[in-house]
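Survey of secondary and tertiary structure
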Amino acid sequence: MFSRCLSDDHNRSQSNWSDAVVPGANNSAVIPPGLTANLVTDQAVKRITMSRRAKINLGGKTLTVTGNFHNNGGTFDSTGVVKFSGAGVDQTYTGNVPLKIPNVEIDNPGKSFGLNGPLQVPGLVKIAANTNLNSNGNLTLLATATSNANIGPLLSGARITGDVDIQSYFTGGSASYRRYRFASSPINDGVANSLNKK
């Protein structure tokens, strides 16, 4: 468990972890309430649990999770990537509140990654070959006035099952902007069954 902030180099400093061991690809990590873990280099963990008000600052780095991810109300600061790479086992994300992850990669050939809680992505979702993302209706691609989230090319058996909410940003404001706008699906090789104003 991440227990205190004795060093800015949180993932390398053993003194920051309750058992004095920095977690690796075969260890679980728990970020308790009110604490922030800062990545200063790419890091891998087996399982991760974020408590309410816990934070992870990716700092432009990649956090690789080889098992399951559970969020009880934590948040991510900064930019970076959370990569789910289960090495031959199905993986899940569970959460009771929406979690915004800057960029997501799913690299688990022949297996599935299931979303069992709301996940929001403002950047890029990449899915590796022969990997299945089962959204269960829990994935939202965010949009702002300056950016739109994207899904990378689905190559060599990569696929998404379940609904995905894709936001679009339209400028409004003065009366001159009040007019009809026509929108269509940004998907050219799948079935989009509804467009909803949210």
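Residues numbered from 1 in each chain as written. Predicted model: local features only at pLDDT ≥ 70, side-chain atom pairs only at ≥ 80, totals over all residues. Heavy atoms only, no water.

**A look at the pairing of strand β1 (residues 28-31)**
Residues Ala29 and Ile31 line the buried face of β1, whereas the alternating positions Ser28 and Val30 sit on a face that is not buried. Across 4 bridges, β1 lies against strand β4 (residues 47-50) in parallel orientation. Residue pairing for β4: Ala29 is matched across the bridge by Ile48. (Buried < 20%, exposed > 50% of the residue type's maximum accessible area, 1.4 Å probe, protein only. Helix = DSSP H or I, 4+ residues; strand = E, 2+ residues; numbered from the N terminus. Pairing = 2+ DSSP bridges.)

**Focus on the sheet that holds strand β8 (residues 75-77)**
Read from one edge of the open sheet, 3 strands run β2-β5-β8, paired in parallel fashion. Sheet topology places β2 (36-38) and β8 at the edges, where each strand pairs with a single neighbour. Between one strand and the next, the sheet's axes are offset by a mean angle of 20°, whatever the strand orientation. The pairing of β2 with strand β5 (residues 55-57) spans 3 bridges and is classified as parallel. Along β5, the bridge assignment pairs Thr36 with Lys55. (Axes fitted to C-alpha atoms, helices over the stretch in contact; angles between N-to-C directions.)

**Notes on the environment of Gly152**
In this fold, Gly152 is placed in the loop between β18 (150-151) and β19 (159-161). Along the backbone, Gly152 and Glu105 are 47 residues apart, and their C-alpha atoms lie at a distance of 9.6 Å. If we ignore the near neighbours within four places in the chain, the residues touching Gly152 are Leu124 and Val125. (Contact = heavy atoms within 4.5 Å.)

**Here's the deal with the nonpolar core**
Core analysis: the biggest nonpolar cluster contains 32 residues, and Ile56, Leu63, Phe69, Phe76 and Leu119 have the highest contact counts within it. Contact partners of Phe69, with chain neighbours within four places excluded, come to Ile48, Met50, Phe76, Phe84, Thr92, Tyr93, Thr94 and Leu99. (Core = buried A, V, L, I, M, F, W, Y, C linked by side-chain atoms within 4.5 Å.)

**Description of the confidence of the model for the chain**
The predicted model of the chain averages 82 in pLDDT, with 77% of residues at 70 or higher. When the criterion is pLDDT under 50, residues 1-12 qualifies, and its contacts beyond four places in sequence or with other chains add up to 48 contacts. (pLDDT = per-residue confidence, 0-100.)

**A look at the sheet that holds strand β20 (residues 164-166)**
One open sheet holds the 4 strands; their spatial order is β11-β14-β17-β20, and the pairing between them is parallel. Because the sheet does not close on itself, it has two edges, and the strands there are β11 (99-100) and β20. Where β11 lies against strand β14 (residues 119-121), 2 bridges are found, and the strand directions are parallel. When the sheet's bridge partners are listed, Lys100 is paired in β14 with Gln120.

**What about the packing of aromatic side chains?**
Applying the stated rule across the entire model yields 4 aromatic pairs. Measuring from centroid to centroid gives 6.3 Å for Phe69 and Phe76, while their planes differ by 35°, and the two rings are tilted. Grouping residues by exposure puts Phe69 and Phe76 together as buried. Plain terms: the ring middles of Phe69 and Phe84 are 6.2 Å apart, the flat faces sit at 65° to each other, and that makes the pair edge-to-face. Pair noted here: Phe69 is in strand β7 (residues 69-71) and Phe84 is in strand β9 (residues 81-84), with a separation of 15 residues, a long-range link. Like Phe84, Phe69 is buried. Taken together, the ring pairs in this structure connect Phe69, Phe76, Phe84, Tyr93 and Phe113 into an aromatic cluster. (Phe/Tyr/Trp six-rings, centres within 6.5 Å; stacked < 30°, edge-to-face > 60°.)

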